[in-house]
Amino acid sequence: MAYLLALAYLACIYIRPAEIVAGWEAIPFAAIVAAVSAVCVAVSLVLRPRRFWDLPQDWFVLGFLFAVVASNAAWGWIGGALQGLVAMAPAIFAYFLLRIAAETPRQLRTIGYTLVALTLWHAANGVVQFHTGVGLGGIVPIEGDSFVADEGGALDTRRIRATGIFNDPNDLALALVVAVPFLTGPLLRRATSTPVRVVAFLLLIPIGVALYYTNSRGGMLGLGAALAPYGYRRFGRVAGALATTALLTFLIALGPSRMANLDASESSAQDRVQSWAEGLHMLETHPLFGVGFGRYTEFNELVAHNSFVHTLGELGLIGSFFFVGMGYWFFHSTSRPPLAGEGPWGEDLWQSGAALGVCAMFLSRQYSVLLFVWLALSSGYVRLMAMRTAAPPRNASVHLVRIAAIMVAGVVCTYSVVRVFGHWST
C-alpha cells in the first residue's frame, strides 16, 4: 500500500492536478496523499519494525536538514528556523517515503519509470504549449532569448514551462534531462531487443523537443553529461572522448541560441560570476552556518544560480559538507555493480545523477524535491543491493575526508573562477 501511495505522491508533485483542473484549486492533493502515506507507513513500521535510516546518505540528508534549520537559529531567528523546517518538509518526506516504499529492485525500477512517464506528460504538454501558446492549466511560455525563426523570418522568443515546481523553464529542463538516461540506456545497449529500442527512441523524441523548447543552457549541458558516459562505454576511451566532443560541439552549434552566449563577457554569465563572489563573501563573514536559509537575496540581488555556491552562502561550511556528502554518496551508491539478471539500471541512475549535478551547477536547486527524489532512488538501490550481497565494511573516516576534500576543492574552484572571469568596474 505504501508503495502505491508513493507513486501517487510523485504524481501529485509532478502533475499538480489542482493547478490544471478548474475548480480544484483549493484541494491540497499532495498534502492529502502525504498524510495518508504517513499513516500507512507508520502502521507498516509498527506491524513490521525495520530501520529506514541505516545508510550514510540517510544521515547526510538529515544533516542537511539540520543545517537548514540551524542556519537561521544560529543567529537568533527562530522563526526562520521554523520556516526552513516547513520548506524542507516535502523534500525530506519524499526521500524517506520512497526509501521505505521500495522493497524490491522491481519496485524501485518501477518508481524510476513512473518518473519517466510523468516527465513524458510534461514534455507533450510543453510541445503543445509552444505551438499553441497555452498548455494545460493555462500555462503560457515566457519570453526569453530568441532561438526559433517563424515563417515570417522573425525570431520566436518563447520558452516553455510547466506547473508547480517546474514553472521555470530551467526547472522543466532539469526534469526532462534527468529522465533521458532511463531511455538512452536501453536504446544504446547491445543486449536490448529491437522492440524496446524502438519504444525508447520514440519516447525520447518528445523529451528532446521539449528540452530544446525550454532554451535552457544548463539543460543542454546536463544532456551532454548524461550522454557522455555512454560514449565512453560504447566506443572506448579515445573514440568515446571524440564522440563526447562532437556531441558538445553539436549542442553548442545547433542547440538553443543561448548556448552561443556561454562566455564570461555575456551579461547573464557576468551576473552569475559576481553573485558567486557575493556567495563567497557570505561564507567569509558567516563561515559555519552561513547567512541563513532563504536569505541569499537579502545580501545579493540575484541568487547564485549554482547550488553549491548558494549552499555555501546560506548554510556555510556545515551545510555545504552535508550537501556535498549527499552527492558523494549518490554516486558511490549507484556505482555498485548490478546483480545477475537485474540489468544495469544503476548505470542509468548514475548517468541521470550526472545530468542533475551539471544542471545544479547552473541553478540554485539544493532544496528541490526533485533532488531528494533522486537521492532516494540511489539510497534504495544500494540498500536493495546490500540486502543481497556481502559487501565488506569501509572505513567511515576515509569517506568523510574525501567529502571534506571535495568541498574544499569546490570552494577553491569557485574562487578561481571569480578571480579569473569576473569583470569589475573601477
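Student: Whenever I open this one, helix 2 (residues 29–47) confuses me. Can you help?
Tutor: Since one α-helical turn is 3.6 residues long, residues separated by three or four positions face the same way. The terminal C-alpha atoms of helix 2 lie 27 Å apart, and with 19 residues this matches the ideal 27 Å at 1.5 Å per residue to within 8%. Within the span of helix 2, buried status applies to Val33, Ala34, Ser37, Cys40, Val41, Ser44 and Leu45. Around the axis of helix 2, the buried residues are gathered within 135° of arc, so they sit on the same side. Those residues of helix 2 that are exposed and aimed more than 90 degrees away from the buried face are Val39, Val46 and Leu47. Elements that come into contact with the buried residues of helix 2 comprise helix 1 (2–15) and helix 4 (78–101).

Student: So what exactly am I meant to see when it comes to a nonpolar patch on the surface here?
Tutor: Together, Val21, Trp24, Ile27, Ile32 and Val36 make up an exposed nonpolar region whose accessible area comes to about 380 Å². Tracing the chain through its elements places Val36 in helix 2. Since its relative accessible area comes to 41%, Val36 is described here as partly exposed.

Student: Even after reading the chapter, I still don't get the nonpolar core, so can you show me in this structure?
Tutor: Nonpolar side chains in soluble globular proteins tend to end up buried together. Among the nonpolar cores identified, the biggest contains 107 residues, and Phe64, Met88, Ile111, Phe372 and Trp374 are the most heavily contacted of them. For this core, the element with the highest residue contribution is helix 15 (residues 369–386), accounting for 12 residues. Beyond its immediate sequence surroundings of up to four residues, Ile111 is in contact with Tyr3, Leu7, Leu10, Leu98, Ala102 and Leu377.

Student: How do you make sense of the pattern of salt bridges when you look at a structure like this?
Tutor: Where charged atoms from two side chains of opposite charge come close, those side chains can pair. Summed over the entire model, instances satisfying the criterion amount to five salt bridges. Across the pair Arg99 and Asp58 runs a salt bridge whose closest N-O atoms are separated by 2.6 Å. On the criterion of sequence distance, the pair formed by Arg99 in helix 4 and Asp58 in helix 3 (residues 56–73) is long-range, its members being 41 residues apart. According to the relative accessible area criterion, Arg99 is buried, its value standing at 2%. On the accessibility criterion, Asp58 (0% relative accessible area) is buried. For Arg365, the salt bridge identified is with Asp171, shortest N-O distance 2.3 Å. Taken together, the positions of Arg365 in the loop between helix 14 (345–360) and helix 15 and Asp171 in helix 6 (residues 169–179) put the pair 194 residues apart, joining distant regions of the chain. Using a relative accessible area of 24% as the deciding quantity, one classes Arg365 as partly exposed.

Student: I tried to follow the confidence of the model for the protein on my own but got confused; where do I start?
Tutor: With 86% of its residues at a pLDDT of at least 70, the protein reaches an overall mean of 84. Here residues 146–155 scores under 50 on pLDDT; set against residues more than four positions off or in separate chains, the count is 19 contacts.

Student: I would appreciate a short explanation of helix 7 (residues 181–188) in the present structure.
Tutor: Of all eight residues that make up helix 7, seven are buried, and the element is covered over most of its length. Those residues of helix 7 that sit buried are Pro181, Phe182, Leu183, Thr184, Gly185, Pro186 and Leu187.

Student: Please clarify how empty space enclosed by the protein should be interpreted in this entry.
Tutor: In this approach, a probe sized like a water molecule rolls over the atoms, and the result shows the empty space that is left. With the rule as written, the count across this model stands at two cavities of 30 Å³ or more. The wall of the second largest cavity is formed by Leu174, Ser307, Phe323, Leu356, Ala360, Arg365, Gln366, Ser368, Leu370 and Leu371. Of all elements in the fold, only helix 13 (307–334), helix 14 and helix 15 reach the threshold of two or more residues within the lining of the second largest cavity. Its residues assigned to classes, the lining of the second largest cavity shows six nonpolar, three polar and one charged.

Student: What is the right way to read the packing of helix 6 against helix 8 (residues 194–214) from this model?
Tutor: A pair of packed helices can be characterised by two numbers: the angle between their axes and the separation between those axes. At a closest axis distance of 9 Å, the pairing of helix 6 and helix 8 adopts a crossing angle of 155°. Between helix 6 and helix 8, the crossing angle belongs to the class labelled roughly antiparallel. Helix 8 is crossed by helix 6, and the crossing has left-handed handedness. Residues Pro169, Leu172, Ala173, Leu176 and Ala179 of helix 6 touch helix 8, and the partners they reach there are Ile207, Ala210, Leu211 and Thr214. Here the contact of helix 6 with helix 8 is composed, by residue class, of eight nonpolar, one polar and no charged.

Student: Honestly, unusual backbone geometry in this entry has me stumped. Any pointers?
Tutor: Residue Arg16 is not a glycine yet carries a positive backbone phi of 55°. In this fold, Arg16 is placed in the loop between helix 1 and helix 2. Positive phi values are uncommon outside glycine, yet Asn215 reaches one of about 55°. You can see Asn215 is positioned in the loop between helix 8 and helix 9 (217–235).

Criteria and thresholds
- Residues numbered from 1 in each chain as written.
- Predicted model: local features only at pLDDT ≥ 70, side-chain atom pairs only at ≥ 80, totals over all residues.
- Heavy atoms only, no water.
- Helix = DSSP H or I, 4+ residues; strand = E, 2+ residues; numbered from the N terminus.
- Expected span 1.5 Å × (residues − 1).
- Buried < 20%, exposed > 50% of the residue type's maximum accessible area, 1.4 Å probe, protein only.
- Arc of directions from axis to C-beta.
- Contact = heavy atoms within 4.5 Å.
- Patch = residues over 30% accessible without salt bridge, like charges linked within 9 Å, V, L, I, M, F, W, Y side chains within 5 Å.
- Areas by Shrake-Rupley, 256 points an atom, 1.4 Å probe, with all protein chains shown as cover.
- Salt bridge = Lys/Arg side-chain N within 4 Å of Asp/Glu carboxyl O.
- Core = buried A, V, L, I, M, F, W, Y, C linked by side-chain atoms within 4.5 Å.
- pLDDT = per-residue confidence, 0-100.
- 1 Å grid on protein atoms, 1.4 Å probe; cavity = no way out; pocket = protein on both sides within 12 Å on 5 of 7 lines; lining within 4 Å.
- Points joined across faces, edges and corners; volume = space filled by probe spheres on them.
- Nonpolar A, V, L, I, M, F, W, Y, C, P; charged D, E, K, R; others polar.
- Axes fitted to C-alpha atoms, helices over the stretch in contact; angles between N-to-C directions.
- Parallel < 35°, antiparallel > 145°, perpendicular 65-115°, else oblique.
- Left-handed = near helix turned anticlockwise from the far one by under 90°.

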